[in-house]
Amino acid sequence: MSSQDIPEETLPAAHGDAHGAVATADDPFADPGLPPHEHRKQDIDERAAQRSERVVAFLFTLSMLATVGFIAAYVSLPVDKSIYVFPIGHISALNFALGLTLGVALFCIGAGAVHWARTLMSDVEHADERHPIEASPEVKAKVLADFKAGAEESTFGRRKLLRNTMFGALALVPLSGVMLLRDLGPLPGTKLRKTAWSEGKMLINQNTLQPLRPEDVQVGSLTFAMPEGMSEEDHDFQKEIAKAALMIVRLRPENIKDKKSLDWSADGIVAYSKICTHVGCPISLYEQQTHHVLCPCHQSTFDLSDGGRVIFGPAGHALPQLRIKVNDKGYLEAMGDFSEPVGPAYWERG
Amino acid sequence: MSTATTDNRRKAPAGERVADWADGRLGIYSLAKVNMRKIFPDHWSFMLGEVCLYSFMIIILTGVYLTLFFHPSMNEVVYHGSYVPMQGMRMSEAFKSTMDISFDVRGGLLIRQIHHWAALIFVAAMLVHMMRVFFTGAFRKPREVNWVFGFLLLVLGMFTGFTGYSLPDDLLSGTGVRFMEGAILSIPIVGTYVSMFLFGGEFPGSDFVPRFFSIHVLLLPGVMLGLLVAHLILVFYHKHTQFPGPGRTNNNVVGMPLLPVYMAKAGGFFFLVFGVIAAIAGLASINPIWAMGPYRPDQVSTGAQPDWYMGFSEGLIRVMPGWEINLWGHTLVLGVFIPLMIFPLVLAAIAVYPFIESWVTGDKREHHLLDRPRNAPTRTAFGVAWLTWYLVLLVGGGNDLWATHFHLSINAITWFVRIGFFVGPVLAFIATRRICMGLQRRDKEKVLHGRESGIIKRLPHGEFVEIHEPISQEQMHTLTAHEQPKPLELEPEVDENGVARKIGAGQKLRVKLSKGFYGEGTHIPKATAEEYREITSGHGHH
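Residues numbered from 1 in each chain as written. Chains lettered and ligands numbered in written order. Predicted model: local features only at pLDDT ≥ 70, side-chain atom pairs only at ≥ 80, totals over all residues. Heavy atoms only, no water.

**Quick word on the overall build of chain A**
The test is simple: Strands here mean DSSP runs of E at least two residues long; helices mean DSSP runs of H or I at least four residues long; both are numbered from the N terminus. Remark: exposure states derive from per-residue accessible area (1.4 Å probe, protein chains only) relative to the maximum for the residue type, with buried under 20%, exposed over 50%, and partly exposed in between. Any pair of residues with heavy atoms lying within 4.5 Å of one another is described as a contacting pair. The protein chains shown are the only cover counted for residues, whose accessible areas, like all others here, come from Shrake-Rupley with a 1.4 Å probe. Neither His nor the chain ends is counted toward charge; the positive residues are Lys and Arg and the negative residues Asp and Glu. The atoms used to mark charge sites are NZ of Lys, CZ of Arg, CG of Asp and CD of Glu.
Across its full length, chain A holds ten helices and 14 strands. Dimensions of chain A along its principal axes, counting C-alpha atoms only, are 105 × 75 × 50 Å. Taking all 350 residues of chain A together, the buried fraction comes to 41%. Considering only residue pairs separated by 6 or more positions, chain A has 56% of its internal contacts joining residues 24 or more positions apart. Of the roughly 19,400 Å² of accessible surface on chain A, a fraction of 59% belongs to carbon and sulfur atoms. The average position of the 34 basic charges and that of the 44 acidic charges among the side chains of chain A differ by 8 Å.

Now the structure itself:
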């Protein structure tokens, strides 16, 4: 016996099997066998059976009526009508009517069938024998012999050259399929490092679509901006705004704790990437008093008065800041692209 | 001879002649001989799997309808449909066609809501069904393969759900896809490549909706349909498990026949499930994309939540500290990558348990009788620990909602989840095992001393006793029918001939685990016939 095998005697004996008919008398817990069938009311009392029949027929009839109701609702109710249903509120009348009638039509078929099965169909329990899943030793021996004969006839084991070249061919052929996946997309290159911002691009207010002046940005408000020259109609707008989205706030210069952050601001206005450095949700909640911004997806919190540092949550690094200035005409403009990639971190980010 | 057969044919009713025709080509009589009156045991928990099957069928039916109207395209269009607040807005065709299904196709909203509700119920039912199978030990030999099939169905169901709710390209689901992109980017070395290939370039690009569409309507459902058929064939082939009871042994299956009772009950149950889901879809709005608007990568709504079955992965990502390691110009984004790796581990933990249990017990017999959860305390404790783990993460996934609804600090919830992730399962394990043993003790009392009748009797000398009524033979059998495995013992270091025996590390681990599973303090020895006789044979009452 190998040490991996479990001796049979450590396994508990299955209760029912171990006790033969002889032992039954001694065993107070022996299996008394299937209990006798107990008749339901419907089995003995024909009137009860008829009552059940009526219930089932009623349910099936109700289902038919509900289907008629469904068709009537579909034809008669306008698609844009809304009704008040307590306690849900205003909902689409058509959706409400169709849902309820379809629900009743289906449910009543089910309820009828189940009631029929439970009250009128025989409820006598039967016992079926189980047979072991495993094949008998004879069957197993026959299969193994057949396999051996087949394998020998194939000459698979004898002609090693055939076998090895076939394995080689089968191993290589899926490579074509893998190759074909290459054009699913471009190589990353430096795409994630660059955004639409560059030197001299003005900050455009996303609500008014007008260039921002420093005086437009009030203390305590959060303003969203995009680079000059970008338009919602551009075919790559979604892709570009996913990286270029910017939020700007005005702080009192003495409140900016980080030296670099102060250098990169203009008139106390700091501009940070709106894209969370965790997994890329847009940050949208601003706490005026503390200058904290919060990403509503996973609650990463950043301190805009301290270089966009992470102060809570799962984000791994600070928000990238955009260096801005006030140009000759009095508008806010970028002094270059972000100095580091925006959004979630990735292997090549460094 | 030939005239005789034609005579027979003429006499046979039409139904029989059709059946004859089919039998000559498909062999249906042999099939029906085995299956038509197949016995199925009855227990309420056996219908959980049926809920899965029926909700899957409902999803397919409604899904086919939705494809007739849905345009899986990210081309930008301007909305001019009947939902007034969105007139003139730019959106993808996917979003617009979903709006049209909801507002312009009569009944379209109902079918969309049935589809989504059924998907939620489908995944929930699979999880509950899996727990039923787990806690009753129905996964044991010969059903391990079917357990794996079922597990794969759960995992595929989750991903089919995710790709499905991403299709409308609305603000909420787009945020979910963005999260997925961020998670993919965290994969060391290949992350950016995988992301570029999946999205056909930079996020969001214009490819993910059509790609998710073919994954959602073709690839995953195709695989699932195959697994589902295999799952059902195996259920038929193995015959259903049953709970122990009078007349029910490991070698039989007691219940009622497929025709007519289960035909009617199971067939009827399909309509019950469908009817309830249709009514829910008529009453309760789900995924109201018009309230969220089309996706824009620079916009988001607060309280963003994935569908519930993705909630535990959301919890993982939310409570993980933001670790990042920068070395030699590369970034290891552990804060995202670790949760991404734990996500499959959480699922795998429950999937591999049956194989661990069978290795530890070394039991190679077939098991068709179910365990009551209390009678397998270690397994039950493990299952509850796993559920606790899952639920703690689900709390983490909704930490903002917990915070706003119960006026709690989000920091406190995050720390609760971080600690609970490690401590919760352990506490749940210990508590569950103790509760199981308490219940075992009660069963033993019941067998040996009978049922508490609630009748108080005053004895002549003034003492009050409660009368215990003996329980029936059926009950006694049922309460003692379970097995109590003995722990393995290490074989002695030297064999009977005095030769040193080599005991591998694997075997040592196995014995250790076996002691932990079945050793002292893991169960209450069940009542024996001797104990019973001793108590009942006279030295009086208690």
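**A closer look at helix α19 (residues 505-518) of chain B**
All names here are of chain B. As a reminder, the rule being used: Expected span, for any helix, means 1.5 Å times one less than how many residues it has. Note that the arc is defined by the directions from the helix axis to the C-beta atoms.
With 14 residues, α19 should reach 20 Å at 1.5 Å per residue; the first-to-last C-alpha distance of 20 Å fits that figure. Along α19, the residues that are buried comprise Q507, R510, V511, S514, F517 and Y518. Burial along α19 is one-sided: seen end-on, the buried residues are contained in an arc of 125°. Exposed and facing more than 90 degrees away from the buried side of α19 are A505 and K512.

**Observations concerning the interface of chain A and chain B**
The cut-off we apply is this: When two components associate, each loses some accessible surface as probed by a 1.4 Å sphere; the sum of these losses over both components is called the buried area. Salt bridge criterion: a side-chain nitrogen from Lys or Arg within 4 Å of a carboxyl oxygen from Asp or Glu. Polar contact criterion, stated in full: a pair of N or O atoms within 3.5 Å, where within protein one must be able to donate a hydrogen and the other to accept it, and residues adjacent in sequence count only if both atoms are side-chain atoms. Amino acids outside the nonpolar list (Ala, Val, Leu, Ile, Met, Phe, Trp, Tyr, Cys, Pro) and the charged list (Asp, Glu, Lys, Arg) are all regarded as polar, and Gly is one of them. Pairing between two strands is assigned when DSSP locates at least 2 bridges connecting them.
If you look at the interface, chain A gives 102 residues, while chain B gives 127 residues. With both sides pooled, the region where chain A packs onto chain B buries about 9,700 Å², and carbon together with sulfur makes up 61% of that total. Where B:R296 meets A:E232, a salt bridge forms, and the shortest distance between an N and an O atom there is 3.1 Å. There are 34 residue pairs in polar contact (both at pLDDT 80 or more) connecting chain A and chain B. For the side of chain A that touches chain B, the secondary-structure elements that each account for two or more residues are α1 (15-18), α4 (46-76), α5 (93-119), β3 (126-129) and α9 (237-244) of chain A. Looking at which element gives the most residues to the side of chain A that touches chain B, the answer is α5(A), with 17 residues. Residue composition of the side of chain A that touches chain B, by class: 57 nonpolar, 24 polar and 21 charged. When β3(A) meets strand β4 (residues 252-257) of chain B, the two strands line up antiparallel, connected through four bridges. In the sheet register, A:H126 faces β4(B), and the bridge partner there is B:G255.

**Thoughts on the sheet that holds β3(A)**
Rules: Only the contacting stretch of a helix is used when fitting its axis, a line to C-alpha atoms as for every element, and angles between N-to-C directions run 0 to 180 degrees.
Read from one edge to the other, the open sheet built from three strands follows the order β3(A)-β4(B)-β1(B), with strand pairing classed as antiparallel. Each edge of the open sheet carries a strand with a single partner, namely β3 of chain A together with β1 (39-40) of chain B. Summarising the sheet, β1(B) and β4(B) pair through two bridges and their orientation is antiparallel. Its bridge partner being in β4(B), B:I39 is matched across the sheet by B:P257. Sheet strands touched by helix α11 (residues 258-283) of chain B: β1 and β4 of chain B. Its angle to β4(B), the strand with the most contacts, is close to 70°.

**Observations concerning the state of the cysteines**
All names here are of chain A. Note the threshold: Our working definition of a disulfide is a cysteine sulfur pair at a distance within 2.5 Å.
In total, this model carries one disulfide over all chains according to the counting rule given. C281 shares a disulfide with C297; S-S distance 2.1 Å. Because the sign of the S-S torsion sets the handedness, a value of about -90° for the bond joining C281 and C297 places this disulfide among the left-handed ones. Taken together, the residues span a long stretch of sequence, with C281 in the loop between β7 (269-273) and β8 (285-287) and C297 in the loop between β9 (292-294) and β10 (301-303) at a distance of 16 residues.

**Examining the nonpolar core**
Inclusion rule: Nine residue types can take part in a nonpolar core, namely buried Ala, Val, Leu, Ile, Met, Phe, Trp, Tyr and Cys, and a core is a set of them joined through side-chain atoms within 4.5 Å.
In terms of nonpolar packing, the biggest core is built from 94 residues, with B:I58, B:I114, B:M130, B:M158, B:F312 and B:W386 touching the most fellow members. At 16 residues, the largest contribution of residues to this core is made by helix α6 (residues 108-135) of chain B. Apart from the residues within four sequence positions on either side, B:F312 is in contact with B:M158, B:F343, B:V346, B:L347, B:Y390, B:L393 and B:L394. Counting 25 residues, the second-largest nonpolar core is a separate cluster that includes A:W197, A:I269, A:L322 and A:L332.

**Here's the deal with the pattern of salt bridges**
All names here are of chain B. Taken as a whole, this structure holds 32 salt bridges over all chains when the rule is applied. Across the salt bridge formed by R365 and E483, the nearest N and O atoms sit 3.2 Å from each other. Pair noted here: R365 is in the loop between α14 (334-361) and α15 (377-397) and E483 is in the loop between α18 (473-480) and α19, with a separation of 118 residues, a long-range link. Judged by its relative accessible area of 23%, R365 falls in the partly exposed class. One network of salt bridges, with partners in common, ties together R140, E357, D371 and R379.

**Brief notes about a nonpolar patch on the surface**
The condition that has to hold: Put simply, a patch holds well-exposed residues, over 30% relative accessible area, that have no salt bridge, with like charges counted together within 9 Å and Val, Leu, Ile, Met, Phe, Trp or Tyr side chains within 5 Å.
Judged by side-chain polarity, A:L187, B:I189, B:V190, B:Y193 and B:V194 come together as a nonpolar surface patch covering roughly 410 Å² of accessible area. Examined against the element boundaries, B:V190 turns out to sit in the loop between α8 (171-185) and α9 (191-199).

**Thoughts on the packing of aromatic side chains**
The description of an aromatic ring pair uses the distance of the two centres, along with the angle that the planes make with each other. To keep things clear, this is the line we draw: Centres within 6.5 Å make a pair out of two Phe, Tyr or Trp rings, where for Trp the six-membered ring is used; the pair is then stacked when the planes are under 30 degrees apart, edge-to-face when over 60, and tilted otherwise. Two thresholds decide whether a charge sits over a ring: the Lys NZ or Arg CZ must be within 6 Å of the ring centre and within 35 degrees of the ring normal.
Under the criterion given, the structure shown has 37 aromatic pairs over all chains. A centroid spacing of 5.9 Å and a plane angle of 85° characterise the contact between B:W308 and B:Y309, whose relative ring orientation is edge-to-face. Through a chain of ring-to-ring contacts, the aromatic side chains of B:F134, B:F135, B:F139, B:W147, B:Y353, B:F382, B:F517 and B:Y518 assemble into a single cluster. Against the face of A:W264 rests A:K260, its NZ or CZ located 4.6 Å from the ring centre. The aromatic ring of B:Y262 is capped on one face by B:K265, whose charged end is 5.8 Å from the ring centroid.

**Considerations on the sheet that holds β8(A)**
By way of backbone hydrogen bonds, the strands of a sheet pair with one another, either parallel or antiparallel. Residues and elements named next belong to chain A. Strand order in the open sheet made by the four strands is β8-β9-β10-β11, with antiparallel pairing throughout. The two strands at the open ends of the sheet, each matched to only one other strand, are β8 and β11 (309-312). In this sheet, adjacent strand axes meet at a mean angle of 30° when their direction is disregarded. Where β8 and β9 come together, three bridges link them in antiparallel fashion. Residue pairing across strands places L285 opposite L294, the latter belonging to β9.

**Quick look at unusual backbone geometry**
With an omega of 0°, the peptide bond between A:F86 and A:P87 qualifies as cis. As for its position among the elements, A:P87 is in the loop between β1 (82-85) and β2 (89-92). Cis peptide bonds are those with omega within 30 degrees of zero, and the linkage from B:F203 to B:P204 qualifies with -5°. Here B:P204 is to be found in the loop between α9 and α10 (208-238). A positive phi angle is found at A:T155, which is not glycine, with a value near 60°. Looking at the element boundaries, A:T155 is found in the loop between α6 (137-154) and α7 (160-172). Backbone geometry places A:L209, a non-glycine residue, at a positive phi of 60°. In this structure, A:L209 sits in the loop between β4 (203-205) and β5 (223-227). Using a relative accessible area of 49% as the deciding quantity, one classes A:L209 as partly exposed.

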